[in-house]
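Coordinate inspection notes
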Amino acid sequence: MLGTVKRRGSLPPIIIVLVIMAAIVATGLVVWFMISTTKSAVNQPMLEVTDSYYLSNSIFFTVRNIGSVDVTISSISVTCQSGGAGSNATSTSIPKGASQSIKVSMSGTVNDGDLCVAQATLSSPSSSLTLSFRVVKP
């Protein structure tokens, strides 16, 4: 046993290389997941209703694009708490950071302070959003 040397506490070089490669692959997967998740969350359309009022059988409301992508509303339908309903199929483009006024002709009763829900169908990006707001009747 003169020629054998015992190595204590060291790993073969192939194991070290495999561990380093596994760490690099795992880091790459985590980075890819974080980037793709953040990108999809940032590119979501976000709209809010800032003003709304009921006048002459129509609801007028202002939609503000607070998201990071331009939005095109292809149609919008509104239903109110007291039973009023209406829809508008006019295509409306709202760039990011901008606002647009929308008019929806209503049938039925709309009272002052009614909670209304607008279902907006977007053509760009393709999705649908639900907006709720209260109506003022001057």
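Whatever comes next refers back to the structure up there.
Here goes a summary of the coordinates provided. (Residues numbered from 1 in each chain as written. Predicted model: local features only at pLDDT ≥ 70, side-chain atom pairs only at ≥ 80, totals over all residues. Heavy atoms only, no water.)

1. A look at unusual backbone geometry
In this structure, the amide linkage connecting Ser124 to the following residue, Pro125, adopts the cis form with an omega of -10 degrees. If you trace the backbone, Pro125 turns up in the loop between β7 (115–124) and β8 (126–134). Located in the positive-phi region is Ser56, a residue other than glycine, with phi close to 55 degrees. Following the sequence through the fold, Ser56 ends up in the loop between β1 (47–55) and β2 (58–65). A relative accessible area of 64% means that Ser56 is categorised as exposed. Despite not being glycine, Asn57 shows a phi value in the positive range, around 60 degrees. Structurally, Asn57 can be placed in the loop between β1 and β2. (Helix = DSSP H or I, 4+ residues; strand = E, 2+ residues; numbered from the N terminus. Buried < 20%, exposed > 50% of the residue type's maximum accessible area, 1.4 Å probe, protein only.)

2. Looking at the nonpolar core
For soluble globular proteins, nonpolar side chains are generally found buried alongside one another. Judged by nonpolar contacts, the single largest core of 24 residues is most densely connected at Ile59, Phe61, Ile73, Val78 and Phe133. Among the elements of the structure, β1, β2, β3 (71–80), β6 (99–107), β7 and β8 are those that each provide at least two residues to this core. If we skip the residues at most four places from it in the chain, Phe61 touches Val49, Asp51, Ser52, Ile76, Val78, Gln100, Ser101, Ile102, Val104 and Phe133. (Core = buried A, V, L, I, M, F, W, Y, C linked by side-chain atoms within 4.5 Å. Contact = heavy atoms within 4.5 Å.)

3. A few points about the pairing of β8
As judged from the nine bridges shared by β7 and β8, these two strands associate in the antiparallel manner. Note on β8: the bridge partner recorded for Ala118 is Leu131. Two successive antiparallel strands, β7 and β8, enclose a turn made up of one residue. (Pairing = 2+ DSSP bridges.)

4. A closer look at the state of the cysteines
Evaluated as defined, the whole model comprises one disulfide. Each sulfur of the disulfide joining Cys80 and Cys116 lies 2.0 Å from the other. Here the disulfide of Cys80 and Cys116 is right-handed, its torsion about the S-S bond being about 100 degrees. Of this pair, Cys80 sits in strand β3 while Cys116 sits in strand β7, placing them 36 residues apart in sequence. The same class applies to Cys80 as to Cys116, namely buried. (Disulfide = S-S within 2.5 Å.)

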